[in-house]
Structure formats: C-alpha cells, structure tokens
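This is what each chain is made of:
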Amino acid sequence: MSKPRKVHVKSFGCQMNVYDSHRMADTLVPAGFSETARLEDADLVILNTCHIREKAADKVYSEIGRLRELKDAAARDGRKMLIAVAGCVAQAEGKEIIRRAGAVDLVIGSQNYHRLPEMVARAQGGEKVVDTEFPIEDKFDALAPPRRDAIARRGISAFVTVQEGCDKFCTFCVVPYTRGAEVSRPVEKIAAEVARLADAGVREVTLIGQNVNAYHGLDRNGTQSGLGNLLRRLAEVPGILRLRYTTSHPRDMDDDLIAAHRELPALMPYVHLPVQSGSDRILAAMNRRHTRGDYLDVIDRLKAGRADLAFTSDFIVGFPGETETDFRDTLALIDDVGFAGAYSFMYSARPGTPAAEMDAQIPQEEKSERLQRLQASITRHQRAFNAGFLGHTLDVLLEKSGKLAGQLVGRSPHLLAVQVMAPVQFIGSIKRVTISEIGTNSLFGTLADELHIRTLATAGA
Ligand code: SAM
Ligand code: SF4
C-alpha cells in the first residue's frame, strides 16, 4: 500500500468543474490520496481550469506562479509537490502550458480524469505528462464513485453531470472546441449515482451539462430519453426532495420538459435560461439559432405550465457590431422578462472562434459602460423579485449552520439563501419559513410552525 498523500483541487469557472473536481479527488482515493483544504500540505495540487473568457486563462497562469513558490518551499523541505493543470485551459493549450510554466508536471484534458492515478505515478517518476486526447472509453464509468464520508462532507445539495459538450457552435464560444461534441450519460447510471448520493444524505440534486436540456441518454429499454423523462425517473429516488438543472438552451426547451415542470413537485420553479442578447441582429451573428420572440415564447410556455417559475439568464455585452440600439433591445428584454438574477459578461474574443475574426470589435470602455447599465437593470429586477417574498411563507431546504449560534441557512425554491433560527437536526429537511426581512444576499425568517405555536400560546394566555 502506498504512503498517504494529500491532494488539493482548486476549481475555476462553472459548476461542471466543481463536479469534475470532486470526481478527480474521488478517483485518487484508491491511489492513496486524501483531500486537503490547505495548499501548503498538498503533495499534488490540481488546478481545474476554465477557458471561457480571456481573464479566466490569465488567472490560471498567475495561480501557477504562486504555486511555484510553494513547490520550491516544499522541495527545500525535501518534499515533492506536483502541479497538475486540468479542465478547459488544459484541453485548449495542452503542452504549451508546460512550455510556458515549467513548474507544471501534468496537463490533463477534461475527458481524461479517470487516467489521473496512472499519470500522477508517471509524473512522480519525473516525467512531464500531457494527456488531452478525447478517449473512446466513457470517463464516467471509469471514475471512482465518491465514498459516503466524502459525500456527507460536501453537503446535502449535490451536482451531477448528465451531459457534456456542445454541438451548437455559438460564434463567441470555445466550449464546442474544449469539451467536444454533445454526449449524454444513460438514465439508469445517473439514477444509480443519485441513489448513492441520497443514501449518504443528499436531498437536492442539480443536474448539470453545458447544454443540459439537450440531454438524450438511453433509458433501460435502450430508447432515447429527454431531460423531462430523466427528471421523472430521478424524482422516484427515495430521499431526493428537490431537483434542479442547469444550463439550458432556449432551443432545447421541449414540450416534455415543460410538462415535467407542471407534473413534478420536486422540480424547482427556477430556470437558468441564457439569452445573451435581446437583439435579433446580434442573436443571428452569435449563431444562437433563436430569436428574441422565440425566447419570449419559451418563457410564456413554461409559465403557462407553472406560474411561479422564475428565470435567470446570461448576457454578453459588446459583441462585435453591437450598436446602442441593439443594446437597448437587450435592456428592453430584461424589462419584459423581469429576471430574478443574471450573469453578465463583456464580450471576450477567444482565439479560434468566428466572432474573434469579426469586424467592428467594440472598444473596452464602451463594453464596460454597457455592462454597468445592464447590471444596474438586473439588480433592480433582482431586488424587486426578492422583496416580493416579504411576509410570505416559503419551503426552505435547510443546508448547514449559519454564522450565528443556533442559526441555519437554507434555500428557497427559487434558490434564495434563507437564514432562520432552527435546531441543527433540521439540516436536510424542508421547513416552512415566514420571511420577515430582505437582506442584500439573504432573506431572514422564522420557522412558520414555531410562529404558529407561539401565536396559539399567546391566544390561550
Ligand atoms: N451553454 C450555455 C448557453 O448556451 O447559454 C452557456 C455556457 S458558457 C460556459 C456560460 C456563459 O459564458 C455563456 O452563457 C456566455 O454568456 C458566457 N460566455 C461564453 N463565451 C464568452 C465570451 N467569448 N465572452 C464573454 N462571455 C462569454
Ligand atoms: Fe457555448 Fe453556445 Fe454551446 Fe452554450 S450553446 S456552450 S454558449 S456554443
């Protein structure tokens, strides 16, 4: 048996990377690694990178610079610290990373994580290892499942990747190049993973994929199943109280998924549906393959199925050729939909994507000015959305202890953080909470049943 070693995995970017980071750590357990939160103690540091915007890649290189100092300090203590770069920067830049940053020992693409133990062993022997091929075998089958204690440590809400890759080729986006073509995992394999999570205490599962509603995995009869059917299957898993999914594409929001929102109480009324722009001209240049009207139509169909549905979105400002009129169309769309929140980004030219070659790139100051205006509008809508819950009683899934003694933090159906005084044994269950205050980042409330008991006691006195 090999001597115990420690691994620290640092995630950048999206939730898919968070999931992959957990799975990498799980896969290294049989090779004698345990996870550490302290970088200084690590024998292996994995940077799980994101390549979606330019700054994301720059961050990785400055992080490697900092790690180099730790690696040198470890060497002075007679210890070998390995540095690995994983994820989309690894996939896109491959061995260029080792050329540019000699402190890096191994570079591993996003489809190859199951090969980590073998690669680490080679790097340990002094080899610089690069593996960014898209392999034929299914990485999910080859990845070690998490142990019960690891699941419990990660909390009652878990991510599960059900789909990877993208065939849409939006003109600004690197994902189809870094994550490859769309692939869906089979229904029963996902159900088995969810059952395992539930058995170890997980109560909420968020299904994730670059294009999660393009999901088309095979069911137990060998028939292709859409996301609606997968959600129906997972709603049957004992212990699972809540289901969510992200990120969706407006074109893949089919009738069956809309029906699932109507039918499944466990499916939360909250959908992240990126639109990117409210201008048809820009949407066409982005190759989004939907118009502003199509998007609004999808929202209407979803709301017809479930009236309390709320939406969040992604926006890009300053796409090449975006005029003030185009930008105002985006602001108008925000007012039409009234989003509960959004991520917004300045367009960042990514080498190799068609938009990077387009004329009429927008100056930085203009992008920055539009981003501020867009974010001000989103914040206004988000505040109005949150304020609407004042005095309402919500179902809150209690997740963990809060900052104050006796306080728990949970999530409302619309994913808002809710702070409430409640006993610790309530973690993992859904309680009714009456909202008494709206903070900047959380809602505050009182257990509704407790309020009810107190009211009865007062009436009886
Ligand atoms: N598949 C999802 C979709 O179609 O909306 C989004 C995936 S991407 C990881 C997340 C977000 O990053 C996108 O929705 C987009 O707003 C943003 N993004 C992607 N490429 C970008 C770029 N080149 N510049 C700025 N933002 C970008
Ligand atoms: Fe990127 Fe477009 Fe695919 Fe989303 S749908 S991952 S934005 S190419």
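This is a predicted model, so every value here is computed, not measured.

## Remarks on the overall build of the chain
Counting secondary structure elements, the chain contains 16 helices and 19 strands. In terms of C-alpha radius of gyration, the chain reaches 23 Å, essentially the compact-globule figure of 23 Å for 461 residues. The principal-axis extent of the C-alpha atoms belonging to the chain is close to 75 × 60 × 50 Å. For the chain, the residues scored as buried account for 52% of the 461 residues in total. Pairs at least 24 residues apart make up 71% of the contacts formed inside the chain by residues separated by at least 6 positions. Carbon and sulfur atoms provide 53% of the accessible area of the chain, an area that totals close to 20,500 Å². Here the chain carries 59 positive and 59 negative side-chain charges, and the mean point of each set is 5 Å from the other.

## Quick notes on the packing of helix α9 (residues 187-199) against helix α10 (residues 227-235)
The axes of two packed helices give the description: the angle between them and the distance between them. For the pair α9 and α10, the least separation of the axes is 10 Å and the interaxial angle reads 35 degrees. Crossing of α9 over α10 shows right-handed handedness. From α9, V187, E188, I190, A191 and V194 reach across to α10, where they touch L230, R233 and L234. In terms of residue class, the contact of α9 with α10 is made up of six nonpolar, no polar and two charged.

## Focus: the site of ligand 2
The immediate surroundings of ligand 2 are formed by C166, K168, F169, C170, F172, C173, V175, P176, N211, H249 and R288. In the shell around ligand 2, the residues fall into seven nonpolar, two polar and two charged.

## Description of the pattern of salt bridges
One pass over the structure, following the stated rule, counts 39 salt bridges. A salt bridge links E63 to K10; the shortest N-O distance between them is 3.3 Å. Placement of E63 in helix α2 (residues 54-76) and of K10 in strand β1 (residues 5-11) is noted, with a sequence separation of 53 residues between them. Taking relative accessible area as the criterion, K10 reaches 30% and is therefore assigned partly exposed. For D326, the salt bridge identified is with R281, shortest N-O distance 2.6 Å. Of this pair, D326 sits in helix α14 (residues 324-337) while R281 sits in helix α12 (residues 280-285), placing them 45 residues apart in sequence.

## Digging into the packing of aromatic side chains
All told, the structure shown has six aromatic pairs when counted by the stated rule. Between Y295 and F339, the ring centres sit 6.5 Å apart and the planes meet at 45 degrees, which makes this aromatic pair tilted. In this pair, Y295 is assigned in helix α13 (residues 292-305) and F339 in the loop between α14 and β14 (341-346), connecting sequence segments 44 residues apart. The residues Y295 and F339 share a single accessibility class, namely buried. When the ring of F385 is compared with that of F389, the centres are 5.2 Å apart and the planes differ by 85 degrees; the resulting orientation is edge-to-face. Residue classification places F389 among the buried residues on the basis of a relative accessible area of 12%. These aromatic residues form a ring-pair network of at least three members: F172, F319 and Y347. Positioned above the aromatic ring of F345 is the side chain of R53, whose terminal nitrogen or guanidinium carbon lies 3.7 Å from the ring centre. Note that K431 overlies the ring of F426, its terminal NZ or CZ placed 4.2 Å from the centroid.

## Focus: the site of ligand 1
The local shell around ligand 1 holds 16 residues, among which Q210, P274, Q276, D314 and S348 are the closest. Separating a nitrogen atom of ligand 1 from a backbone N or O atom of F172 is a distance of 3.0 Å. Backbone polar atom of Q210 to a nitrogen atom of ligand 1: 2.7 Å apart, as the coordinates give it. For ligand 1, whose accessible area on its own is 570 Å², the fraction buried by protein is 90%. Contributions of two or more residues to the shell around ligand 1 are made by β13 (310-317) and β14. Tallied by class, residues from the shell around ligand 1 come to seven nonpolar, five polar and four charged.

## Looking at helix α5 (residues 116-124)
Each turn of an α-helix holds 3.6 residues, which means side chains three or four residues apart point in the same direction. Along α5, the positions that sit buried rather than exposed are L116, M119, V120 and A123. Seen along its axis, α5 keeps its buried residues to an arc of 100 degrees; they face one direction. G126, located one to two residues past α5, shows a positive phi value of around 105 degrees.

Each value, and the rule that gives it
Residues numbered from 1 in each chain as written. Chains lettered and ligands numbered in written order. Predicted model: local features only at pLDDT ≥ 70, side-chain atom pairs only at ≥ 80, totals over all residues. Heavy atoms only, no water. Helix = DSSP H or I, 4+ residues; strand = E, 2+ residues; numbered from the N terminus. Rg over C-alpha atoms; globule rule 2.2 N^0.38 Å. Buried < 20%, exposed > 50% of the residue type's maximum accessible area, 1.4 Å probe, protein only. Contact = heavy atoms within 4.5 Å. Areas by Shrake-Rupley, 256 points an atom, 1.4 Å probe, with all protein chains shown as cover. Lys, Arg positive; Asp, Glu negative; His and termini not counted. Charge placed at Lys NZ, Arg CZ, Asp CG, Glu CD. Axes fitted to C-alpha atoms, helices over the stretch in contact; angles between N-to-C directions. Left-handed = near helix turned anticlockwise from the far one by under 90°. Nonpolar A, V, L, I, M, F, W, Y, C, P; charged D, E, K, R; others polar. Near = heavy atom within 4 Å. Salt bridge = Lys/Arg side-chain N within 4 Å of Asp/Glu carboxyl O. Phe/Tyr/Trp six-rings, centres within 6.5 Å; stacked < 30°, edge-to-face > 60°. Lys NZ or Arg CZ within 6 Å of the ring centre and 35° of its normal. Polar contact = N/O pair within 3.5 Å; in protein donor to acceptor, adjacent residues only side chain to side chain. Arc of directions from axis to C-beta.

Read these as geometric descriptors, not functional statements.
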